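Chain by chain, the residues:
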Amino acid sequence: MSEHLVGTSHLETAATAAPERRERAWARPLYLLLALLLACALPWFIYPPIALDILCWGLFAISVDLLLGYTGLLSFGHAAFWGSSAYITGIVAIETGMPFPVAILLGALAAMVIAVPTGWLAVRSTGIYFAMVTLAFAQMLYFVANRASGLTGGENGLQGIPRPFFGMELIETEAFYFYYAALPLIILGCFIAWRTVHSPFGRVLLAIRDNPARARALGFDVEGYKIVVFVISAGIAGVAGGVFSSGHGFASLNDLMWTTSGKAVLITVLGGIGTLWGAMVGSGILVTLEDYLTTLGFEGIGIVTGTMFIVIVLLFRRGIWGSVQQAWHWALGKARLRWG
Amino acid sequence: MSTGSAPPILETKALTRSFSGFTAVNSVDLTIGEGTVHALVGPNGAGKTTLFNLLTGFLTPSSGTIHFQGRDITGMDPERIVPLGLARSFQITSLFEQMSLLEHLELALASGTGLTRKFWKSVKVLGRFHDRGMQHLEEVGLADRANQAAGSLSYGQKRALELALALALEPKLLLLDEPTAGMGLEDVDRTIELIQRLRHGRTVVFVDHNMHVVGSLADEVTVLQSGQILAQGTYDAVRADERVITAYLGESHA
Ligand SMILES: Nc1ncnc2c1ncn2[C@@H]1O[C@H](COP(=O)(O)OP(=O)(O)OP(=O)(O)O)[C@@H](O)[C@H]1O
Ligand SMILES: [Mg+2]
């Protein structure tokens with residue numbers, strides 16, 4: 001009756017609707033403040049372009065988690081939305097010179113438009129077949145982008161994407177300042193994901209994830225809900241991809257490649273499926289590790305990250321953040337028992 | 001065949017469903033009078049669940065028609081049929097294991113209001129269904145467990161929650177697939193009592209293998225065998241029918 005994802009069926013997802021988490025009233029604003037402080041402090045400790053990469057890949061993985069952890073859909077073609085927005089953002093910035101946030105939002109909008117037919121077709125299948133349909137779409141888009149070299153630069157990619165911002169030169173040229181200018185867009189993406197998950201709509205998504213037949217018997221249009229969340233997810237992936245190409249100043253075919261989709265899924269699983277914020281943690285670990293290995297001149301990055309992935313998945317079924325949460329709740333419970 | 005005293009709320013004509021050559025439901029003409037309690041019985045594999053799946057849109061018929069309150073619902077999706085007032089429960093307990101009981105009820109009550117499409121609102125808006133949800137839980141004796149996860153319930157309690165969910169949809173016609181399957185005697189009697197209470201103002205069709213349940217509840221009984229209607233009538237009439245005895249007990253007893 002319930003559909004399990006072929007590849008991840010033994011992994012636990014942390015997202016539950018049950019009101020087990022009775023946090024104190026001050027807890028949520030406090031955590032939020034801490035997260036914000038951390039986000040603001042990041043480029044002081046980490047090379048700013050890498051700090052921005054962490055945010056972009058983290059938001060991208062959040063968009064994957066919205067489907068995987070909260071709806072039970074494994075998209076293996078999310079590069080289609082990340083990549084198409086990366087290109088559209090670049091083309092808009094180059095051709096019109098509009099402020100970069102506008103270019104990024106247009107990129108995200110384009111990703112959502114592409115997601116409508118993709119989602120419409122993909123939700124007709126479930127499990128591994130859903131993953132295959134999304135992958136096929138992404139590959140098709142990759143092929144198209146490669147062919148349309150007049151627009152995309154083909155193999156060379158789209159070079160020299162500017163990031164106009166009302167003539168504020170520091171933001172337009174320096175990664176450190178651009179980071180802060182782009183941060184609100186990342187926060188917007190996170191907020192949309194959070195809002196969706198904690199909405200009546202999100203409750204139906206959990207129901208669909210856990211028992212689609214039951215959800216239908218309650219009168220919910222399961223396919224319709226899946227299409228809508230797919231489009232929302234694509235928009236969030238689009239914001240991430242747009243910030244990424246803006247930040248780097250170029251978009252390439254790599255952004256549309258299946259390995260990009262795979263990396264987003266990997267980060268989600270690493271951080272913890274159904275934890276939302278775990279994606280940011282997973283991204284922080286993976287991106288800094290990759291960067292560290294690159295600066296060492298190390299060749300087999302894939303082997304290291306792959307091994308780490310397997311170890312973490314085998315040791316921590318809930319991913320890094322999911323396991324931290326579990327330990328935290330366990331410790332809180334103990335403390336309450338002892339101190340009342 | 002039909003008693004014909006009450007106007008029909010549901011009517012199927014030559015309803016048929018095949019699975020790659022095998023006909024699970026074969027040319028079934030079924031008429032359910034409004035306000036009646038109707039039992040659907042038959043041996044394992046007779047096609048009872050398949051028939052329910054056809055009536056509720058979970059399967060599309062190979063041929064034939066279904067009319068609900070005079071309206072053709074043949075081939076409609078469940079999400080369109082449910083709002084018309086046709087709800088079902090499942091033979092195999094089918095819940096959202098991690099959700100609390102109250103959250104189940106909130107979902108069922110919110111279904112059809114359009115509120116659940118709002119991804120920009122806080123989930124707290126579902127709180128408006130709290131009181132009605134508690135009433136429904138009370139009705140099936142689960143109010144004290146409202147905040148527990150459904151996965152933590154006993155089997156009998158899960159069946160009761162299934163009933164509460166179907167009722168929360170306020171159906172005119174309620175299809176119950178083996179509501180007492182696997183229950184102990186006490187739970188069976190509680191369920192009989194519950195169905196007797198909830199039948200007022202609605203029509204109930206239920207599948208059950210327990211003849212005690214059928215005998216105490218059903219105004220009318222339809223016997224299905226190999227996808228076809230074998231007999232139909234009151235419980236006593238059907239029980240005395242030779243073809244039914246043969247179907248249930250085998251040739252030697254006939
Ligand atoms: N999706 C399907 N694909 C193929 N065959 C099916 C399918 N669904 C049901 N059947 C077959 O149709 C026949 C009728 O099954 P159904 O579940 O309707 O019987 P039932 O009367 O509900 O039996 P039970 O009393 O055991 O619940 C069975 O032989 C079953 O194997
Ligand atoms: Mg059955």
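Residues numbered from 1 in each chain as written. Chains lettered and ligands numbered in written order. Predicted model: local features only at pLDDT ≥ 70, side-chain atom pairs only at ≥ 80, totals over all residues. Heavy atoms only, no water.

## Some words on the domain arrangement of chain B
Move 1: Parsing chain B into structural domains produces domain 1 (1-81 + 204-254) and domain 2 (94-154).
Move 2: Centre-to-centre, using C-alpha coordinates, domain 1 of chain B lies 31 Å away from domain 2 of chain B. (Domains from an automatic or database assignment.)

## Considerations on the site of ligand 1
All names here are of chain B.
Move 1: For ligand 1, the set of nearby residues contains 13 residues, the closest of which are Asn44, Lys48, Thr49, Thr50 and Gln91.
Move 2: At 2.9 Å, a backbone N or O of Gly47 approaches an oxygen atom of ligand 1.
Move 3: Between ligand 1 and Lys48, the relevant distance is 2.8 Å, taken from an oxygen atom to a side-chain nitrogen or oxygen of the residue.
Move 4: Burial of ligand 1 by the surrounding chains reaches 62%, relative to a free accessible area of 630 Å².
Move 5: In terms of residue count, the dominant contributor to the shell around ligand 1 is helix H1 (residues 48-55) (three residues).
Move 6: Of the residues in the shell around ligand 1, the class split is four nonpolar, seven polar and two charged. (Near = heavy atom within 4 Å. Polar contact = N/O pair within 3.5 Å; in protein donor to acceptor, adjacent residues only side chain to side chain. Areas by Shrake-Rupley, 256 points an atom, 1.4 Å probe, with all protein chains shown as cover. Helix = DSSP H or I, 4+ residues; strand = E, 2+ residues; numbered from the N terminus. Nonpolar A, V, L, I, M, F, W, Y, C, P; charged D, E, K, R; others polar.)

## What to know about the coordination of the magnesium ion (ligand 2)
Residue and element names in this part refer to chain B.
Move 1: With distances of 1.9 to 2.1 Å, the protein atoms coordinating the magnesium ion (ligand 2) are Thr49 (OG1) and Gln91 (OE1). With Thr49 in helix H1 and Gln91 in the loop between strand S6 (86-88) and helix H3 (101-110), this pair connects stretches of sequence that are 42 residues apart.
Move 2: The partly exposed category is assigned to Thr49, whose relative accessible area is 26%. (Donors = N, O, S within 2.8 Å, 3.2 Å for Na, K, Ca; no water. Buried < 20%, exposed > 50% of the residue type's maximum accessible area, 1.4 Å probe, protein only.)

## Details of the packing of helix H2 (residues 48-68) of chain A against helix H13 (residues 278-295) of chain A
All names here are of chain A.
Move 1: Contact pair H2 / H13: the axes reach a minimum separation of 8 Å and the direction vectors enclose 135 degrees. As the angle between them shows, H2 and H13 are arranged oblique. Here H2 and H13 pass one another in a crossing that is right-handed. Where H2 abuts H13, its residues Ile50, Asp53, Ile54, Leu55, Trp57, Gly58, Leu59, Ala61 and Ile62 lie against Ala279, Met280, Ser283, Gly284, Val287, Thr288 and Asp291.
Move 2: By residue class, the composition of the contact of H2 with H13 is ten nonpolar, four polar and two charged. (Axes fitted to C-alpha atoms, helices over the stretch in contact; angles between N-to-C directions. Parallel < 35°, antiparallel > 145°, perpendicular 65-115°, else oblique. Left-handed = near helix turned anticlockwise from the far one by under 90°. Contact = heavy atoms within 4.5 Å.)

## Describing the interface of chain A and chain B
Move 1: Counting residues at the interface gives 31 residues for chain A, matched by 34 residues for chain B.
Move 2: Together chain A and chain B conceal approximately 2900 Å² of surface at their shared face, both sides included; 61% is due to carbon and sulfur atoms.
Move 3: Counting every contact that joins chain A to chain B gives five salt bridges.
Move 4: We note a salt bridge from Glu103 of chain B to Arg203 of chain A, for which the minimum N-O separation is 3.6 Å. (Buried area = accessible area lost by both parts, 1.4 Å probe. Salt bridge = Lys/Arg side-chain N within 4 Å of Asp/Glu carboxyl O.)

## A short note on the sheet that holds strand S1 (residues 8-19) of chain B
Residue and element names in this part refer to chain B.
Move 1: Within the open sheet, the four strands sit side by side as S2-S1-S4-S5. Their pairing is antiparallel. Because the sheet does not close on itself, it has two edges, and the strands there are strand S2 (22-33) and strand S5 (71-72).
Move 2: The sheet contact formed by strand S4 (residues 63-68) and S5 spans two bridges and is antiparallel. Paired with His67 across the two strands is Asp72, which belongs to S5.
Move 3: Here H1 sits on the sheet in contact with S1, S2 and S4, set at roughly 115 degrees to S1. (Pairing = 2+ DSSP bridges.)

## Here's the deal with helix H5 (residues 155-168) of chain B
The periodicity of an α-helix, 3.6 residues per turn, causes residues three or four places apart in sequence to face the same way.
Residues and elements named next belong to chain B.
Move 1: With 14 residues, H5 ought to run about 20 Å at 1.5 Å a step, and its terminal C-alpha atoms sit 20 Å apart, in line with that.
Move 2: Of all 14 residues in H5, 13 are buried, a share of seventy percent or more.
Move 3: Glu170, located one to two residues past H5, shows a positive phi value of around 50 degrees. (Expected span 1.5 Å × (residues − 1).)

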